[in-house]
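Each chain, letter by letter, is given below.
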Amino acid sequence: MSDELSTITATAEDAGPRLDAFLASRIEGWSRSRLQRLIEDESILVNTKPAKASYRIHEGDEIDIDLTEAPAARFEPENIPLDIVFEDEFLAVINKPAGMVVHPGAGISSGTLANAVAYHFSLVTHHSSPVTRLGIVHRLDKDTSGLIIVAKDEQTHEALADQFRDRLVEKSYVALVHGSPREDKGTIDRPLARDRWHRTKMTVAANGRNALSLWNVRQRFDKFALLDVDIKTGRTHQIRVHLASINHPVVGDATYNEGRDNTINDSDTKR
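Definitions and limits used
Residues numbered from 1 in each chain as written. Predicted model: local features only at pLDDT ≥ 70, side-chain atom pairs only at ≥ 80, totals over all residues. Heavy atoms only, no water. Helix = DSSP H or I, 4+ residues; strand = E, 2+ residues; numbered from the N terminus. Buried < 20%, exposed > 50% of the residue type's maximum accessible area, 1.4 Å probe, protein only. Contact = heavy atoms within 4.5 Å. Areas by Shrake-Rupley, 256 points an atom, 1.4 Å probe, with all protein chains shown as cover. 1 Å grid on protein atoms, 1.4 Å probe; cavity = no way out; pocket = protein on both sides within 12 Å on 5 of 7 lines; lining within 4 Å. Points joined across faces, edges and corners; volume = space filled by probe spheres on them. Nonpolar A, V, L, I, M, F, W, Y, C, P; charged D, E, K, R; others polar. Pairing = 2+ DSSP bridges. Axes fitted to C-alpha atoms, helices over the stretch in contact; angles between N-to-C directions. Parallel < 35°, antiparallel > 145°, perpendicular 65-115°, else oblique. Left-handed = near helix turned anticlockwise from the far one by under 90°.

Colleague: Break down the overall build of the chain for me, citing the residues and quoting the values.
Modeller: The helix and strand tally for the chain stands at five helices and 13 strands. Residues classed as buried in the chain amount to 45% of the 271 residues present. Put simply, 64% of the contacts in the chain that link residues at least 6 apart link residues at least 24 apart. Accessible surface for the chain amounts to roughly 14,000 Å². Of this, 47% is attributable to carbon and sulfur atoms.

Quick look at the structure:
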């Protein structure tokens, strides 16, 4: 199962168990307690609505899942170079390049950041054995570059996960967008929800979860602008959806850029 957006439709054979128990049996590497936290955070919805962990599964239920933490999946360590910008005995900070997937899943079993982390930090007793525990605390989309924190032990992992969940960690991003905003800075306060027609996408929706993004212009070009973006919530695809909602989609975003021309010429960068 992917660590992004997924939907499970319950069959007649699935009916009966509690929601948390059912998901624990279907999502490899996720403990029941962690799934319960996601249910409480409304990162898991049943028939587009929040549900309790004790909810009993019915035939036909559509369960929308947003895995916002790193799963402890099984995968092989691989000797893939890492750009480590900080490391101590408890954690490491890695600069993930664009194009690298964070976790195995959705048909991808190798070449991910998780495979590389397992090799470089010896997260297994023997490298010939599959990894079953992993300390990647958060995630970035495949095409997004940036810093990823990796915990070296379970206690550090849990502590960092709690800090991310409680919004104690500030996250800042840089995005090249189409067009040039009129103002030098702005706020986007628009709730986000799963797109009812395209279940792997997110959209602005009145009944969605609150999402807040702050942006300011770093540099302007003829057809584009470079923005600094701070997010105060951690919704899936938040920056991409928010910027698209104000008609300044991220350049190169095949999902939310509304089919715009992403070609950048020398003249575009001379301002």
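Colleague: With reference to specific residues and values, describe the layout of surface pockets.
Modeller: Here the second largest pocket defines a volume of roughly 470 Å³. Every residue lining the second largest pocket is counted, 24 residues in all, and those nearest its centre are Leu45, Thr48, Leu192, Ala193 and Arg194. Sorting the residues of the lining of the second largest pocket by element identifies strand E3 (49-50), strand E4 (62-66), strand E10 (192-194) and strand E11 (202-204) as the ones contributing at least two each. Here the lining of the second largest pocket is composed, by residue class, of eight nonpolar, six polar and 10 charged.

Colleague: Before we move on, could you go through the pairing of strand E6 (residues 91-96) and cite the residues and values that matter?
Modeller: Taken across its six residues, E6 has five buried, putting it largely inside the fold. Note: strand E5 (residues 84-87) against E6, three bridges, orientation antiparallel. Looking at the pairing, Glu87 lines up with Ala92 of E6. Where E5 folds back onto E6 in an antiparallel hairpin, the turn is made up of three residues. By the bridge criterion, six bridges tie E6 to strand E7 (residues 146-151) in an arrangement that is antiparallel. Residue pairing for E7: Ile94 is matched across the bridge by Ile148.

Colleague: I'd like to hear about the sheet that holds strand E1 (residues 5-9), residue by residue, with values.
Modeller: Read from one edge of the open sheet, four strands run E1-E4-E2-E3, paired in antiparallel fashion. At either end of the open sheet lies a strand with only one pairing partner, and these are E1 and E3. Relative to E4, E1 is paired through five bridges, and the arrangement is antiparallel. Bridge pairing links Leu5 to Asp66 in E4. Against the sheet, helix H1 (residues 19-26) contacts E1, strand E2 (44-46) and E4, and its axis sits at roughly 65° relative to E4.

Colleague: Lay out the packing of H1 against helix H2 (residues 32-40) with the relevant residues and their values.
Modeller: Contact geometry of H1 with H2 gives a least axis separation of 9 Å together with a crossing angle of 120°. In terms of their interaxial angle, H1 and H2 are classed as oblique. Pair H1 / H2 crosses with right-handed handedness. Note on element contacts: H2 touches H1 through Arg32, Leu35, Gln36 and Ile39, opposite Leu19, Asp20, Ala21, Leu23 and Ala24. The residue inventory of the contact of H1 with H2, partitioned by class, reads six nonpolar, one polar and two charged.

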